[in-house]
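Working through the structure, step by step
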Amino acid sequence: MAKKKSVRNAYVCAALAGILACSGPGSMTAWAEEELYQAVDGNQIAEERLRDQTVEYEELGSLIHANNVTVQNAASGVENSRKTYTEDLEYLRSEKASARWNKDEAKDEGDMVSYAEYASYEAVYKSSIKSYNKMLDRLDQNSTNKSRVMLEKQLTNAAQSLMMSYQSMTLQKEYLATMEELLRTQYDNAQTRQQAGLSTDQEVMTARSSWESARASLKSMESGEAAIYQNLCILLGVGEEGEVTIQKIPSVDVQKMDEMNLEEDTKKAVTNNYDIISERSQSSGRSTAGVNKKTRTVEEMEEKLTVKMNQLYEDVQQAKTAYDAAEAGNYAADITWNSAQKKHEMGMLSNDGYLQEQIQYLQKKNNFESAELNLFQALETYWWAVNGIADF
């Protein structure tokens, strides 16, 4: 009897372990949820970092996955199926353990009729458990889940574009804010010189016009920045009331250009492109005409994407050329600006001359920052095309 009790306890524990492995505290599911999700952009971001009221470029894919309403709706069907399969597995594992215990109990008592019956039940439950495990494995590979992944890629790509636009707006706003201040100072100085008979009415009007133009541009840029901020927040599912800070995009990694191989990348782009994959999966019917039409359509799409990849490759090269030129200009501007500051401190440069040097320095600095962002965007667009997301 002690042996029977020990065996029964073992199988009850096995059944409980099976249940906990699916849904209980400390279960495999709970453990999996604690793992860092690898977003479609390849980044893994801890949950607390996603909730820190700041948005970083590398967090975009994870925020899309966690918060975007459209993605959540697409994922809910898969998760509901997973929940149903898991609940069924709990029941099957429990019943299998019970059948096995009853089978051994009948064997010990010499009841071979009951032994055969419970052995049959155990085999059925074992087979069912195997089937359900396969269904769970296939769940991550079905078309619904693939569509969700594609959606996450598309939305992450859109979020990245919005964030780049936001930074571009921010850079322009900061530049215009400083320019507006400097041009206002130039206008004030022109008025002062006019009162001293050292400046003409035309010079004052020109200075005023430049200042007002900069002020109007600044207001327009501020409105554009606010609109992009709101759209980005909606897409990411984060606060829209200004409480979230959009961090600066990291500096461009020019080394990524060394990884570019147009011929190989184009092959990957054709293989990965979702539009081409979708067209290939469409039924062409049984007729020869239908098959030929589908073949031509796929070939045309591949040709267009090949042309697009060539264009994107050239965009990167041109952006790099512009970046190099702007970097050289910015370096020279730094030297000139440092010299101007020293001359101004020594009284060798007038206030007007100093302001003019500062304006020219800011223009070169803004040109470089814009060129760097353009190269960053060109590289990102190229690599997204390689990974299946491209307009052509």
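Each chain carries its own residue numbering, running from 1 in the direction its sequence is written. Under the rules for a predicted model, residues below a pLDDT of 70 receive no local features and side-chain atom pairs below 80 are neither given nor counted, while totals for whole chains, interfaces and linings still include all residues. Hydrogens and waters are ignored; side-chain quantities use all the structure's heavy atoms.

What to know about the packing of aromatic side chains
Classification of ring pairs uses Phe, Tyr and Trp, with its six-membered ring standing for Trp, and accepts pairs whose centres are within 6.5 Å; under 30 degrees between planes counts as stacked, over 60 as edge-to-face, and the remaining range as tilted. Following the criterion strictly, the structure yields eight aromatic pairs and no others. On the basis of an interplanar angle of 80 degrees and a centroid distance of 5.1 Å, the ring pair of Tyr57 and Phe376 is categorised as edge-to-face. Taken together, the positions of Tyr57 in the loop between β1 (54-55) and α4 (60-67) and Phe376 in helix α12 (residues 351-386) put the pair 319 residues apart, joining distant regions of the chain. For Tyr57, a relative accessible area of 9% corresponds to the buried category. For Phe376, a relative accessible area of 10% gives the class buried. With centroids separated by 6.3 Å and ring planes inclined at 55 degrees, the aromatic side chains of Tyr313 and Tyr382 adopt a geometry described as tilted. Helix and strand assignments come from DSSP, with helices taken as H or I runs of at least 4 residues and strands as E runs of at least 2, each series counted from the N terminus. Here's how the labels work: a residue is buried when its accessible area is under 20% of the maximum for its type, exposed when over 50%, partly exposed in between, all with a 1.4 Å probe on protein chains only.

Re helix α11 (residues 288-345)
Every helix has an expected span of 1.5 Å times one less than the residues it contains. Spanning 58 residues, α11 covers 83 Å between terminal C-alpha atoms, matching the ideal 86 Å at 1.5 Å per step. Directly beyond the C-terminal end of α11, a positive phi value near 80 degrees is found at Gly347.

Some thoughts on the pattern of salt bridges
For salt bridges, the criterion is a side-chain nitrogen of Lys or Arg within 4 Å of an Asp or Glu carboxyl oxygen. All chains considered together, the criterion is met by 14 salt bridges. When the shortest N-O distance is used, the salt bridge between Glu59 and Arg49 registers 3.2 Å. Taken together, the positions of Glu59 in the loop between β1 and α4 and Arg49 in helix α3 (residues 47-50) put the pair ten residues apart, joining distant regions of the chain. Judged by relative accessible area, which is 0%, Glu59 ranks as buried. By relative accessible area, which is 27% here, Arg49 ends up partly exposed. For Lys365, the salt bridge goes to Glu369, with nearest N and O atoms at 2.9 Å. Taken together, the positions of Lys365 and Glu369, both in helix α12 and four residues apart, correspond to about one turn of that helix. On the accessibility criterion, Glu369 (18% relative accessible area) is buried. In this structure, a network of salt bridges that share partners links the residues Arg49, Glu56, Glu58 and Glu59.

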